[in-house]
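Coordinate inspection notes
Listed below are the residues making up each chain.
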Amino acid sequence: MIKFNKENFHKVKNGFLSGFLAIALASLTITSPALAEKNTITIGIEADLARLDPHISTTWNTFKALLHMYEGFVAEDLLAENVETPPIVPSLAESWEISADKKTYTFKLREGVSFHDGEPWNAQAAKFNLDRMTNPDFEFHQPGSVGLLSWVWGDLESYKVVNDFTFEIKLKQPNAEFLRRLSAGGSGTPRMISPAAVRKYGNDGINTNPVGTGPFKFGEREVGVQTVLVKNSGYWDEKRVPKFERLILRGIPEVTTRELGLLTGELDMISTPSPDSLEYLEAQGMTMVKGPVSTIYPIWLNFREGPLKDVRVRRAMAMAIDREGMTKYLRRGTATPAYGILNYGGPGWDPEYRDFPYDPEGAKKLLAEAGYPDGFETRLDWTMGGGGDVNTRADAEWLQRDLGRIGIRAKIELFDNGTYWDMLAKGTREGTCCMQVSWGETGFFWLDLILPTTAQPPNGFNSGYYENPKMNELLASARATSSEAEMVKILHEIRDIVTDDVAFIPLYTPIQVYAMRPEVKGFVLAPQHWADYTSVYKE
Amino acid sequence: MIRLIINRIFATILVLIGVSFVVFAALHFSPGDVARTILGLGATEERVQALRQELGLDRPLLIQYWDWMMALLRGDLGRSISLGVPVSEVIFDKIWASLLLMGASFFLTVSFGLLFAALSGGYHRSLMDRLITLLMLLLASLPPFWLGIVLLIIFGLKLRIFPISGVGAMADDATLYVVAMHLILPAVTTAASSLAVVARVTRSAFIDEMGEPYVQSARARGLSQRRIISIETMRNVLPSFVTIAGLQIGFLFSSALFSEIVFNWPGIGLQLYLGIVQRDFPVVQGCVLAIAIVFVVGNLLADILSIALDPRRRG
């Protein structure tokens, strides 16, 4: 029996104390990794990032990181919900004035903002960046950005520092889309780099040492593995101050591996799960966020290919394709049919517009009228898909079947995405009727690359040799309009002519999908090729 | 023997020079244009031509090759187009990650390959022999990308024993244990088919040896079957085992390419895949060259080892 004396009491007390301490310590060591985990969001994306210099960045995946580190004068508000196109909001410019002739933009810059390295943001820094992008005589000029950013600076006349926080840009002609182009991203983006960082790391050094003003700072990167961004606690915009400490982007090209990583909790969120897995992931308790994206999958028709020279044949092909069936049964709700060349999310998109009816019988008649009652043989040159595409081969097989029903016998040839773009740049080859890539932006600048006669290969992607000089004039005048309504009016005219000429057959607008673990909340899916991750948090 | 080895080394160097030319020429003639890749979609043809001139892409192939070779000897593999950093920097870590994976799968291949061969060849026509033969047939016919995903679903998702992807080296708690846990599934996936090939070929060597008179005499002297397999016949089986195991290095590389993609293992295979997808010619060249060097050097070592092991070839 234990005697309860003073000595024993001390022993017991000490025992209790040390036991308590041990429990407290244990619980601390248990909670701290959990806390760290709560403050880290790991996202599995389709591919590792390319170079991190915004003026020469290349892939849409890379922009998923860049948009969190760098900012420009204006931005697209990717946290705005239930919009077709993200609204343009002030960013490093607080406000701006546009002159009466729509050619001079005066930006009032935001005061008290600094780059991640402490360098202040002001009109001098803006000039440094414009010099870097556009001035070949500048010490730190980035030659690669001239071509990549021609869609932004193509109309640039001059720019100057007015005072410390006022910056002026003059254009050669009005450009109704100028602010949209300034705010856009993708391949090459006019966002601001710390001048001190460019001086310190050199022009090439920015690829590995990105320094901007955004809500996240660059942490570390292991190429092919992951990129870690760290919260910028001094960020100026309260609305976009991140709700967590570390954002980890992991490029995982194999979709099954991404999905398994999500299911085991190695990843908190993934982009683009396979359409076949959506039901399974949902059944496992994952949250799915879906929404359309400013993209369209059009088919380029080859105007130099014998039968296709006749507009009736092209129209028959368009009428033979069952777009609704395709989105319903093949894409299983991860796409909606697209009508007309203007893409969802871009200017002038009209949900009510319809181009060609689905009418295989009518198509057959039309084909016979054109002199091909028994159809003809041709080829579909197709790609296995780029970043966000899953199984575009199945699209080609669907087309092969639909065209077959009106007597057009098509072979399919598949190419990797890089080769495919090169082929597109060279122009559709002989014997091929159709090619397809996904394209579309929140602006209409991509139409400049596919519609005008001046964009025929090798100078652009009018790869089917669509020959209508009217396009050149109309596109130029759409750009030079001074109001959006006027611009949209001309864009509708362009759309209708393209439909009448059957220059392209639009197929569908993809629905992009993010899948996330049940504890991940607050994610807003923008109708863009990228999203703002600052609002995400874990419960 | 020394002369034979020196000959082999010379031959290896010649092979490497040949490989470098093939790598260079293959990429030169493959579709696609470096200049256009660099300049992006919006570039005009004039600008593309100007950059081609600047990069020297319009010069004769042999001169370009010579320049490339001279730079290579200085350790300069060029600059990655997609990443904007020197290729050597990009692929250096990847080579180590790949060698780690290759080393582990090679270890599995030789150890289990020899074990299974001894167990089945040594006990020819036993039940164990049949079972192992069946298992090897199965392993040899499973494509690595399929096997990898099945292993992931069983051990990663259902049983939660192993992590799904990556090397784990950048995790905060990176230890030998963490890396080892990441390594096991990719190594098994990579090794599977090579292991089966090694086991099958070595098994027939065992069966041949078991019929030799010296084995019968060993049996007559009362030596146990275990001793006969592990000591008496082993020595004569080793040369053919080493040769077939050496040949597996190349096959391991091609399986590693798939398991690196499935397991997102940041090795040279995954980098090669990314390089191809992004049209990053200098990275593709660097990766293929690195793979070729490891392959050729690996075969050289296997050759030297089998020469050393086989008295008939020592000359």
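Below is a short write-up of the structure. These numbers come from a predicted model, not from an experiment.

To continue, consider the interface of chain A and chain B. On the chain B side, the residues contacting the 46 residues of chain A number 45 residues. The contact between chain A and chain B buries some 3,700 Å² in all, and 58% of this surface belongs to carbon and sulfur atoms. Looking at the side of chain A facing chain B, the largest losses of area belong to A:Arg51, A:Val223 and A:Leu260, adding up to 14% of the total buried there. Connecting chain A to chain B are one salt bridge. When the shortest N-O distance is used, the salt bridge between A:Asp204 and B:Arg79 registers 3.7 Å. Inspection of the region where chain A meets chain B yields nine residue pairs in polar contact (both at pLDDT 80 or more). For the side of chain A that touches chain B, the secondary-structure elements that each account for two or more residues are α4 (144–148), β8 (216–222), β9 (226–231), β10 (246–251), α8 (255–264) and α14 (417–426) of chain A. Here the residues of the side of chain A that touches chain B are counted per class, giving 19 nonpolar, 14 polar and 13 charged.

Residues and elements named next belong to chain A. In terms of residue burial, strand β7 (residues 166–171) counts as a mostly covered element, since five of its six residues are buried. Relative to β7, strand β5 (residues 104–109) runs antiparallel, the two sharing five bridges. What sits directly across from Tyr105, in β7, is Ile169. In this structure, strand β6 (residues 156–163) lies alongside β7, joined through six bridges in antiparallel fashion.

Residues and elements named next belong to chain A. The tally for this structure, following the rule as stated, stands at 35 salt bridges over all chains. Salt-bridge contacts for Glu168 lead to Lys170; the nearest nitrogen and oxygen are separated by 3.4 Å. Arg332 serves as the salt-bridge partner of Asp276, at 3.9 Å between the closest nitrogen and oxygen. With Asp276 in the loop between β11 (269–271) and α9 (278–283) and Arg332 in the loop between α11 (323–330) and β14 (335–337), this residue pair connects regions lying 56 residues apart in the sequence. The exposed category is assigned to Asp276, whose relative accessible area is 56%. Taken together, the salt bridges that share partners define one network made up of Arg379, Asp381, Glu413 and Arg429.

Summarising the element assignment, A:Asn343 is placed in the loop between β14 and α12 (360–369). If we ignore the near neighbours within four places in the chain, the residues touching A:Asn343 are A:Ser294, A:Thr295, A:Ile296, A:Trp349, A:Gly440, A:Glu441 and A:Trp446.

Take helix α7 (residues 144–158) of chain B next. At 3.6 residues per turn, the α-helix brings residues three or four places apart onto the same side. An ideal rise of 1.5 Å per residue puts 21 Å on 15 residues; α7(B) measures up with 20 Å between its terminal C-alpha atoms. Within α7(B) the residues assigned to the buried category are B:Pro144, B:Leu147, B:Gly148, B:Ile149, B:Leu151, B:Leu152, B:Gly156 and B:Leu157. Against the buried residues of α7(B) lie α8 and α9 of chain A together with α8 (176–210) and α10 (225–262) of chain B. Where α7(B) ends, the next residue or the one after it, B:Arg160, has phi of about 55°, a positive value.

Residue and element names in this part refer to chain A. Counting across every chain of the model gives 37 aromatic pairs over all chains. A centroid spacing of 6.3 Å and a plane angle of 25° characterise the contact between Phe523 and Tyr533, whose relative ring orientation is stacked. Highlighted residues: Phe523 in the loop between β19 (520–521) and β20 (537–538) and Tyr533 in the loop between β19 and β20, separated in sequence by ten residues. Of the two residues examined, Phe523 and Tyr533, each falls in the buried class. Grouping aromatic residues by their ring pairs yields a cluster made of Phe73, Trp96, Tyr105, Phe107, Phe115, Trp121, Trp153, Tyr159, Phe167 and Phe178. Here Arg304 stacks its cationic end above the ring of Tyr465, 3.6 Å away from the centre of that ring. Its guanidinium or amino end placed over the ring of Trp398, Arg401 lies 4.2 Å from that ring's centre, counting from NZ or CZ.

Let us look at a nonpolar patch on the surface. A cluster of nonpolar side chains, contributed by B:Ile9, B:Ile13, B:Leu14 and B:Ile17, occupies part of the molecular surface with about 360 Å² of accessible area. What makes B:Ile9 partly exposed here is its relative accessible area of 37%.

Quick look at the sheet that holds β5(A) now. Residues and elements named next belong to chain A. Here four strands make up an open sheet; going across it, the order is β4-β5-β7-β6 and the pairing antiparallel. On the outer flanks of this sheet lie β4 (93–98) and β6, each paired with one strand and no other. Across the sheet, the axes of successive neighbouring strands diverge by a mean angle of 20°, strand direction being ignored. Together, β5, β6 and β7 form the strand contacts of helix α3 (residues 123–134), whose direction differs from that of β6 by roughly 160°.

Conventions used here
- Residues numbered from 1 in each chain as written.
- Chains lettered and ligands numbered in written order.
- Predicted model: local features only at pLDDT ≥ 70, side-chain atom pairs only at ≥ 80, totals over all residues.
- Heavy atoms only, no water.
- Contact = heavy atoms within 4.5 Å.
- Buried area = accessible area lost by both parts, 1.4 Å probe.
- Salt bridge = Lys/Arg side-chain N within 4 Å of Asp/Glu carboxyl O.
- Polar contact = N/O pair within 3.5 Å; in protein donor to acceptor, adjacent residues only side chain to side chain.
- Helix = DSSP H or I, 4+ residues; strand = E, 2+ residues; numbered from the N terminus.
- Nonpolar A, V, L, I, M, F, W, Y, C, P; charged D, E, K, R; others polar.
- Buried < 20%, exposed > 50% of the residue type's maximum accessible area, 1.4 Å probe, protein only.
- Pairing = 2+ DSSP bridges.
- Expected span 1.5 Å × (residues − 1).
- Phe/Tyr/Trp six-rings, centres within 6.5 Å; stacked < 30°, edge-to-face > 60°.
- Lys NZ or Arg CZ within 6 Å of the ring centre and 35° of its normal.
- Patch = residues over 30% accessible without salt bridge, like charges linked within 9 Å, V, L, I, M, F, W, Y side chains within 5 Å.
- Areas by Shrake-Rupley, 256 points an atom, 1.4 Å probe, with all protein chains shown as cover.
- Axes fitted to C-alpha atoms, helices over the stretch in contact; angles between N-to-C directions.

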